[in-house]
Amino acid sequence: MAQINGKSQIMAVDDQPANLKLLEELLSLQGYVVRSFPRGRLALEAAARNPPDLILLDINMPEMNGFKVCELLKADEKLARIPVIFLSALADVNDKVQAFQCGGVDYVTKPFQVDEVQARVQTHLHMHRLQKDLYLHANHLEELVASRTRELAESQARLRVLDRAKSDFLRLIHHELRSPLNGLLGVGELVLEELGTSEDGAELRQMFELSRQRMLTILDDALLLTEIEVASDTFSSEATDLVSTLHAAIDGAAGFGQSRGVGIELEPGEPACVLAKRDLLLKAIQALIETAVKFSKAGQVVRLKCQPGLDCVQVLIRSCGRIPESAIANFFQVFSIGEAITPGGDLGLGPPVSQRILSLFRGSITVENLEPSGIQLTVTLQPV
């Protein structure tokens, strides 16, 4: 606000010297700094150089009337927010309406009452001060928002760089680990060949195969998890036949089931087509079947059922066994892999990998204990 020594500045514009003198005396006694001008043009030039806090403006003046002066003030961005109070002998309603239409905030009819002018000046100065504070606060908020937006953009850019670095690092580890692993696995194969077809050799070969498969699967799953987290928008969906995918997943998990003496069956059902990427959906379903196998004992059967609906398609995977209640909440968490909650040991990365794959296609997976016994994995997918 334009102030001198903490005092508000008021500009009085009137072609009558007596009126200007009266306003100067009246307002100076109230502690305001008053600047008087007999012509509108002079007032506009002075306001442009040093904007006042409020303007008292007469209407009938030579060269330029008060309405025109007010219009020019409001057309100037630097002066537009200065409140203008018209002081005029014109008492017609049309004159008052025009005064407000051109930007005036108040209208006082001459001859005016001293108390009335003082009160209106004080009120509009206070309102102008509040409006200016609000304007400055709004500008500060805009600057703050812009600053925070820039910071967020910079943070997101750094995160993208870190995500790429993490993905590249895991690809490197994935590649570099496979080389020494292949060497170790090759040596293991040679040692097992030396044992021949003895009973001990067959048992060791089975242990070797399970360990080899587990290590390679963990490497592949860890890399896939990272790719999903870093670049989920690069995975596309397409119309996928669900029943044929379920058959392929069962075939893929058959060897794992046979190693534990567990059967896998798909119950007859209606055909269904879902939105997914077939190879990834196949991997997710197979991992969930193998998870269900881990909860089963030799001689038991894991059963799959396809349930098409109007809004979604569900795949139910049921097996025997039971999940500890404390483990259900973390069933699909990456760090749950170390918890041995099944007869076959820990869960591995199968459940979290499956959950993240399904989320790519706006699908979901839940797990629950059945009564009186058994567990159920429910996969929900979007129909085509």
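For the structure itself, consult the block above.
All of these numbers come straight from a predicted model, not from anything done at the bench.

1. Focus on the overall build of the protein chain
In terms of regular secondary structure, the protein chain is built from 10 helices and 13 strands. With 384 residues in all, the protein chain has 38% of them scored as buried. Summarising the internal contacts of the protein chain: among those between residues at least 6 apart in sequence, 67% fall at separations of at least 24. Of the roughly 21,100 Å² that the protein chain leaves accessible, carbon and sulfur atoms contribute 55%.

2. Let's talk about the sheet that holds strand β8 (residues 263–266)
As summarised here, the arrangement of the five strands in space is β8-β10-β11-β13-β12, forming an open sheet in which the pairing is mixed. Each edge of the open sheet is held by one strand with a lone partner, namely β8 and β12 (364–369). Sheet twist, expressed as the average angle between the axes of neighbouring strands with direction ignored, equals 15°. Pairing of β8 with strand β10 (residues 301–308), which is carried by four bridges, proceeds in the parallel orientation.

3. Overview of helix α7 (residues 242–259)
For α7, which comprises 18 residues, the first-to-last C-alpha distance of 26 Å matches the rise-based estimate of 26 Å (1.5 Å per residue) to within 8%. Where α7 bends most, at A253, the angle is about 40°. Among all positions in α7, only L242, T245, L246, A249, I250, A253, F256 and G257 are buried. G261 occupies a position one or two residues after α7 and carries a positive phi of about 70°.

4. Observations regarding the packing of aromatic side chains
Under the counting rule described, the total for this entry stands at four aromatic pairs. Taking 6.2 Å as the distance between ring centres and 25° as the angle between the ring planes, the aromatic pair formed by F295 and F331 counts as stacked. In this pair, F295 sits in the loop between α8 (278–294) and β10 while F331 sits in the loop between α9 (325–328) and α10 (350–360), placing the two residues 36 residues apart along the sequence. In this pair, the class of F295 matches that of F331, namely buried. Among the aromatic residues, those joined into a cluster by ring pairs are F67, F86 and Y107. In this structure, R81 is placed above the aromatic ring of Y135, and the distance from its NZ or CZ to the ring centre is 3.9 Å.

5. Describing the pairing of strand β5 (residues 84–88)
By the criterion of burial, β5 is predominantly enclosed, with five of the five residues buried. Neither face of β5 is left uncovered, since the one carrying V84, F86 and S88 and the one carrying I85 and L87 both have all their residues buried. Of the strand pairs in this sheet, strand β4 (residues 54–57) and β5 are connected by three bridges, and their pairing is parallel. Bridge assignment links I55 to a residue of β5, and that residue is V84. Assessed by its sense of winding, the connection that carries the chain from β4 through helix α3 (residues 66–75) to β5 is right-handed. In the sheet, β5 pairs with strand β6 (residues 106–109) via four bridges, with the strands oriented parallel. Of the residues in β6, the one forming a bridge with I85 is D106. With helix α4 (residues 93–101) bridging β5 and the parallel β6, this β-α-β connection has right-handed handedness.

6. Side note on the packing of α7 against α8
Across the interface, α7 lies against α8 with an axial gap of 8 Å and an inter-helix angle of 45°. As summarised for this structure, α7 and α8 are arranged oblique, according to the angle between their axes. Note on packing geometry: the crossing formed by α7 with α8 is right-handed. Contacts between α7 and α8 pair L242, S244, T245, L246, A248, A249, I250, G252, A253, F256 and G257 from the former with R278, L281, L282, I285, Q286, I289, E290, V293 and K294 from the latter. Of the residues that constitute the contact of α7 with α8, the class distribution is 12 nonpolar, five polar and three charged.

7. Observations regarding the environment of K96
Inspection of the secondary structure assignment puts K96 in helix α4. The exposure class assigned to K96 is partly exposed, which follows from its relative accessible area of 31%. Sequence separation between K96 and Y107 is 11 residues, and the spatial gap between their C-alpha atoms is 6.8 Å. Setting aside anything within four residues of it in sequence, one finds K96 in contact with A91, Y107 and T109.

Rules behind the numbers
Residues numbered from 1 in each chain as written. Predicted model: local features only at pLDDT ≥ 70, side-chain atom pairs only at ≥ 80, totals over all residues. Heavy atoms only, no water. Helix = DSSP H or I, 4+ residues; strand = E, 2+ residues; numbered from the N terminus. Buried < 20%, exposed > 50% of the residue type's maximum accessible area, 1.4 Å probe, protein only. Contact = heavy atoms within 4.5 Å. Areas by Shrake-Rupley, 256 points an atom, 1.4 Å probe, with all protein chains shown as cover. Pairing = 2+ DSSP bridges. Axes fitted to C-alpha atoms, helices over the stretch in contact; angles between N-to-C directions. Expected span 1.5 Å × (residues − 1). Bend = angle between axes of the 7 residues up to and from the residue. Phe/Tyr/Trp six-rings, centres within 6.5 Å; stacked < 30°, edge-to-face > 60°. Lys NZ or Arg CZ within 6 Å of the ring centre and 35° of its normal. Right-handed = clockwise from strand over helix to strand, strands pointing away. Parallel < 35°, antiparallel > 145°, perpendicular 65-115°, else oblique. Left-handed = near helix turned anticlockwise from the far one by under 90°. Nonpolar A, V, L, I, M, F, W, Y, C, P; charged D, E, K, R; others polar.

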